[in-house]
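# Structural characterization, general
The lines below spell out each chain.
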Amino acid sequence: MTKNIMIVGVGGQGTLLTSRIIGKTALEAGYDVKISEVHGMAQRGGSVVTFVRYGEKVAEPVVEEGQADVIIAFERLEAQRYSHFLKKDGVLIVNDCRIDPMTVVIGAKEYPEGILENLKKNHKVYSIDGQKIALSLGNSKVLNSVVLGFAAPYIGFTKEDWLSVVEATVPPKTIEINKKAFVEGFEATK
């Protein structure tokens, strides 16, 4: 059985690092892993999408529409934009945050209201204010670790497995704050 995970967000939110941590955690557990980083304007605030697939034997890295077991969205509008990738019994983890895309910034479009409420009509949605938790830890850059910690129970593996990979993957001077952020997110699921 293959597990399909999709990570979506806006450039600078840590989607690429998050996909690497998920992939390494699955690899450490003995699974075949494929990662695809489909990122557009990653450094300019554009939409960023990554796929992580793991299982006994995984043929390709891309998750097809309607096949994602878990979607981790670092921003509400990105959750809405990619929700059609979620399978019927899949889980949508959403960082309850608003980042206006360029079309909204220049006034060409309006940011949609009630995104989470609308998503909850058709999907299992769990939301967290990851930015608030990251700021309470004194570092907004650990937002991705907070959200990953929140999503981890829906992906699998032990908390210790995750923390070991976080420690081995993030920059050395940020290990402790990232581990703390992961634990805060993990505990918020309870």
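That block above? That's the structure.
Residues numbered from 1 in each chain as written. Predicted model: local features only at pLDDT ≥ 70, side-chain atom pairs only at ≥ 80, totals over all residues. Heavy atoms only, no water.

Quick look at the packing of aromatic side chains now. Each aromatic ring pair is characterised by the separation of its centres together with the angle its planes make. In this structure the tally under the stated criterion is 9 aromatic pairs. Pairing Phe 51 with Phe 85 gives two aromatic rings, centres 6.2 Å apart and planes at 45°, and the pair type is tilted. Here Phe 51, found in strand β3 (residues 47–55), pairs with Phe 85, found in the loop between α2 (76–82) and β5 (86–95); they are 34 residues apart in sequence, far enough to count as distant. A relative accessible area of 6% means that Phe 51 is categorised as buried. Overall, the relative accessible area of 12% leaves Phe 85 in the buried class. Through a chain of ring-to-ring contacts, the aromatic side chains of Tyr 31, Tyr 54, Phe 157, Trp 162, Phe 182 and Phe 186 assemble into a single cluster. (Phe/Tyr/Trp six-rings, centres within 6.5 Å; stacked < 30°, edge-to-face > 60°. Helix = DSSP H or I, 4+ residues; strand = E, 2+ residues; numbered from the N terminus. Buried < 20%, exposed > 50% of the residue type's maximum accessible area, 1.4 Å probe, protein only.)

Turning our eyes to something else, we now look at the pairing of strand β4 (residues 68–73). Burial of β4 is extensive: 6 of the 6 residues sit out of reach of the surface. Both strand β1 (residues 3–10) and β4 contribute to a ladder of 4 bridges, which runs parallel. Bridging across to β4, Ile 7 finds its partner in Ile 72. Pairing of β4 with β5, which is carried by 5 bridges, proceeds in the parallel orientation. Its bridge partner lying in β5, Val 70 is registered against Val 91. Running through α2, the crossover from β4 to the neighbouring parallel element β5 is right-handed. (Pairing = 2+ DSSP bridges. Right-handed = clockwise from strand over helix to strand, strands pointing away.)

Take it as geometry only, folks, not as evidence of what the structure does.
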